[in-house]
Amino acid sequence: MLLFKEVKSLQKYLIGKNGSVGFVPTMGALHAGHMSIVRHARTENDISVCSIFVNPTQFNESSDLDAYPRLPGQDIAKLSEEGNDILFMPSVHEIYPTELPEPKAVDLNGLDQGMEGAFRPGHFAGVAQVVGRLLDIVNPHRLYMGQKDYQQVAVIDHVIRETGRSVELRVHPTIRETDGLAMSSRNLRLNLDERNQAIRIYQTLQEIQVGFSAEMPISQLEDEALKALDRPGFKPEYVAIVDRKTLLPFRYQQNENGAVACVACWVGGVRLIDNILLEPLRLA
Ligand code: PAF
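Owing to the predicted nature of the structure, the values given are computational and were not obtained by experimental measurement. (Residues numbered from 1 in each chain as written. Predicted model: local features only at pLDDT ≥ 70, side-chain atom pairs only at ≥ 80, totals over all residues. Heavy atoms only, no water.)

The subject of this paragraph is the packing of helix H7 (residues 123-138) against helix H8 (residues 150-162). Contact geometry of H7 with H8 gives a least axis separation of 10 Å together with a crossing angle of 55°. With respect to H8, the element H7 is oriented oblique. Handedness of the H7/H8 crossing: right-handed. Where H7 abuts H8, its residues Phe 124, Val 127, Ala 128 and Val 131 lie against Gln 151, Gln 152, Val 155, Ile 156 and Val 159. (Axes fitted to C-alpha atoms, helices over the stretch in contact; angles between N-to-C directions. Helix = DSSP H or I, 4+ residues; strand = E, 2+ residues; numbered from the N terminus. Parallel < 35°, antiparallel > 145°, perpendicular 65-115°, else oblique. Left-handed = near helix turned anticlockwise from the far one by under 90°. Contact = heavy atoms within 4.5 Å.)

Put into structure tokens, the structure is as follows:
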């Protein structure tokens with residue numbers, strides 16, 4: 001695996017190469033979910049590029065930025081074992097040099113307003129900014145992202161279409177621990193008890209699926225899920241059942257895009273998110 005820290009040297013290397021480039025942007029502390037995405041990028045393209053960059057502009061709290069796990073040694077070992085071709089690990093100055101013009105703000109069509117957007121003001125502007133910058137640098141044929149960050153994927157999909165980029169977005173399903181907890185770099189910050197309790201989040205999403213198949217009222221499903229998560233050591237921020245494309249509140253009568261249930265919940269001092277694509281009851 002080749003490691004690049006500078007934009008210029010990465011671009012110089014890539015320009016001389018033929019073939020398709022698959023790109024996996026990450027913030028490091030890589031887990032099996034990331035590695036499964038990297039594997040797809042590697043096997044579906046001639047060259048796989050993974051970036052590790054903890055992007056300061058998408059953190060609305062500096063304590064969260066400071067506490068974000070950083071494990072460069074382990075990450076490098078995992079990526080090279082996986083056969084990833086290129087790792088890009090830039091500094092903040094490489095990504096945001098002072099001479100770089102302010103990025104053109106993209107209208108996110110309200111996709112950034114609810115859920116994460118409501119609790120993390122400015123978060124998606126930061127995500128759109130860094131992904132735009134990374135795409136400018138790497139210029140990949142395919143961009144790989146994980147469904148665990150459902151709203152992030154919706155925002156980036158919109159930005160790609162809005163800005164006329166030719167990159168193809170490939171979204172990969174959430175990888176879970178055997179007990180159902182969605183894999184996340186933030187899980188590393190849970191203590192053993194919190195880690196064991198955290199499975200309640202996915203269980204709550206599964207309970208929503210049961211009620212959804214029975215067409216229980218959406219507001220009732222959301223309220224009951226919030227109550228289920230309101231337990232010692234937990235602080236749920238939202239449970240929202242929304243249209244899979246518009247991310248607007250879901251209505252059974254207008255359901256051509258389908259529904260997704262999204263949740264954000266603090267477990268101890270760690271904020272976790274998860275989601276489930278809701279399937280209607282199918283009669284055989
Ligand atoms: O999902 C993430 O890890 C980050 O939001 C991303 C897409 C790498 C942008 O910093």
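Right, let's talk about the sheet that holds strand E9 (residues 270-278) for a bit. One open sheet holds the three strands; their spatial order is E7-E8-E9, and the pairing between them is antiparallel. Every interior strand has two partners, whereas the edge strands, strand E7 (234-243) and E9, have only one. Averaged over all neighbouring strand pairs, the angle between strand axes comes to 15°, with direction disregarded. Sheet topology places E7 next to strand E8 (residues 259-267); nine bridges connect them, and they run antiparallel. Paired with Lys 235 across the two strands is Trp 266, which belongs to E8. Helix-sheet contacts for helix H10 (residues 199-213) involve E7, E8 and E9, and the interaxial angle to E9 is about 25°. Here helix H11 (residues 218-229) sits on the sheet and contacts E7 and E8; the angle it forms with E7, its principal contact strand, is near 160°. (Pairing = 2+ DSSP bridges.)

What follows concerns the site of the ligand. Lining the immediate surroundings of the ligand are Pro 25, Thr 26, Met 27, Asn 55, Gln 58, Val 130, Met 145, Asp 149 and Gln 152. At a separation of 2.6 Å, an oxygen atom of the ligand approaches a polar side-chain atom of Gln 58. In the environment of the ligand, an oxygen atom lies 2.7 Å from a nitrogen or oxygen atom belonging to the side chain of Gln 152. (Near = heavy atom within 4 Å. Polar contact = N/O pair within 3.5 Å; in protein donor to acceptor, adjacent residues only side chain to side chain.)

Backbone geometry follows two general trends: most residues other than glycine have a negative phi, and most peptide bonds adopt the trans configuration. If you check the backbone angles, Asn 109 has positive phi at about 55° while not being a glycine. With relative accessibility at 56%, the residue Asn 109 sits in the exposed group. (Buried < 20%, exposed > 50% of the residue type's maximum accessible area, 1.4 Å probe, protein only.)

So, about the pattern of salt bridges. Following the criterion strictly, the structure yields 17 salt bridges and no others. In this structure, the salt-bridge partner of Arg 186 is Asp 64, at a minimum N-O distance of 2.9 Å. Within this pair, whereas Arg 186 is found in the loop between strand E6 (168-172) and helix H9 (192-197), its partner Asp 64 is found in helix H3 (residues 62-67), the two being separated by 122 residues in sequence. Given a relative accessible area of 13%, Arg 186 falls into the buried group. According to the relative accessible area criterion, Asp 64 is buried, its value standing at 16%. As a salt-bridge pair, Arg 271 and Glu 237 come within 2.7 Å of each other at their nearest N and O atoms. With Arg 271 in strand E9 and Glu 237 in strand E7, the pair connects residues that are 34 residues apart, well separated along the chain. Like Glu 237, Arg 271 is buried. By sharing partners, the salt bridges in this structure join Asp 64, Glu 116, Arg 120, Arg 186, Arg 189, Glu 237 and Arg 271 into a single network. (Salt bridge = Lys/Arg side-chain N within 4 Å of Asp/Glu carboxyl O.)

Moving on to the packing of H10 against H11. At a closest axis distance of 10 Å, the pairing of H10 and H11 adopts a crossing angle of 155°. Relative to H11, the element H10 is oriented roughly antiparallel. Like other packed secondary-structure pairs, H10 and H11 cross with a definite hand, here right-handed. In contact with Arg 200, Ile 201, Thr 204, Glu 207, Ile 208, Gly 211 and Phe 212 of H10, H11 contributes Ile 218, Leu 221, Ala 225, Ala 228 and Leu 229. Taken together, the residues that form the contact of H10 with H11 break down as eight nonpolar, two polar and two charged. (Nonpolar A, V, L, I, M, F, W, Y, C, P; charged D, E, K, R; others polar.)

A few words on H11. Over its twelve residues, H11 extends 17 Å from the first C-alpha to the last, a length consistent with the 16 Å expected when each residue adds 1.5 Å. Taken together, the buried positions of H11 are Ile 218, Leu 221, Glu 222, Ala 225 and Leu 229. Here the buried residues of H11 occupy an arc of 95° about the axis, which is enough to place them on one side. The inward-facing, buried residues of H11 contact H10, E7 and E8. (Expected span 1.5 Å × (residues − 1). Arc of directions from axis to C-beta.)

In short, shape yes, function no, at least from these values alone.
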